[in-house]
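Listed below are the residues making up each chain.
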Amino acid sequence: LRAEHGSVSDIASDAAEDEEMKSMAREEVASLEHEILGLEFEIVKDVVPKPQETSRELLLEIRAGTGGEEAALFALDLLQMYQKFAQRKGWRFEVLRQDESEHGGYREV
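Note on numbering: residues in each chain are counted from 1, in written sequence order. Local features in this predicted model are restricted to residues of pLDDT 70 or higher, and side-chain atom pairs are both shown and tallied only at a pLDDT of 80 or more, whereas totals for entire chains, interfaces and linings draw on every residue. The side-chain values count all of the structure's non-hydrogen atoms but skip hydrogen atoms and water molecules.

## Brief notes about the nonpolar core
For the purposes of this section, nonpolar cores are sets of buried Ala, Val, Leu, Ile, Met, Phe, Trp, Tyr and Cys residues that join through side-chain atoms within 4.5 Å. Each residue's exposure class comes from its accessible area (1.4 Å probe, protein chains only) as a fraction of the maximum for that residue type: buried when under 20%, exposed when over 50%, partly exposed otherwise. In terms of nonpolar packing, the biggest core is built from six residues, these being Ile62, Ala75, Leu76, Leu79, Tyr106 and Val109. By residue number, the principal contributor to this core is helix α3 (residues 69-89), which donates three residues. In what follows, residue pairs with any heavy atoms lying within 4.5 Å of each other are defined as contacts. Not counting residues within four places of it along the chain, the set of residues in contact with Val109 comprises Leu60, Glu61, Ile62, Leu79, Val95, Arg97 and Gln98. With five residues, the next largest nonpolar core counts Val8, Ala12, Ala25 and Val29 among its residues. In this description a helix means any DSSP run of H or I spanning at least four residues, a strand means any run of E spanning at least two, and both kinds are numbered starting from the N terminus.

Encoded structure:
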């Protein structure tokens, strides 16, 4: 395509050619440039690696603040909220570490 583009460009810029031939050559040059750009885009799209889904990981830490058991229960509510959100989105959710309080909440998760 590049060789064809070069020869058609020569015709479009040749002063000896008539205007109708130059006009057709300019249209062909524009068409070839569009086709070359499209092919270059396809090549780049196929060559450049796609990002891996593992690069979109998130680490979330929830800690109970001041407030004793009430804060620990609130941390539990937050954990359950994020778990349900991840489940609805179809995301994988994994608890790595947890420190439970005496009444069922979490000091840290």
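## Remarks on a nonpolar patch on the surface
Each patch is built from residues lacking any salt bridge and having more than 30% relative accessible area; the joining distance is 9 Å for like charges and 5 Å for nonpolar side chains (Val, Leu, Ile, Met, Phe, Trp, Tyr). Method for areas: the Shrake-Rupley scheme with a 1.4 Å probe, in which residue coverage is limited to the protein chains shown. Salt bridges are identified by distance alone: a Lys or Arg side-chain nitrogen within 4 Å of an Asp or Glu carboxyl oxygen. Together, Leu58, Leu60, Met81, Tyr82, Phe93 and Val95 make up a nonpolar patch on the protein surface, roughly 560 Å² of accessible area in all. As for its placement among the helices and strands, Leu58 is situated in the loop between α2 (19-47) and α3.

## Details of the packing of helix α1 (residues 2-13) against α2
Pairs of packed helices are described in terms of their axes, by the angle between the two and the distance that separates them. As a packed pair, α1 and α2 sit with axes 8 Å apart at the nearest point and diverge in direction by 155°. Considering the angle they form, α1 stands roughly antiparallel to α2. The element α1 and its partner α2 pack so that their crossing is left-handed. Listed contacts from α2 to Arg2, Glu4, His5, Val8, Ser9, Ile11 and Ala12 of α1 are Met21, Lys22, Ala25, Arg26, Glu28, Val29, Leu32, Glu33, Ile36 and Glu40. In this analysis an axis means a line fitted to C-alpha atoms, helices contributing only their contacting stretch, and an angle means the value between N-to-C directions, from 0 to 180 degrees. Should an angle lie under 35 degrees it is considered roughly parallel, over 145 roughly antiparallel, and from 65 to 115 roughly perpendicular; all remaining angles are considered oblique. The crossing is said to be left-handed when, going from far helix to near helix, the turn is anticlockwise and less than a right angle, and right-handed when the turn is clockwise.

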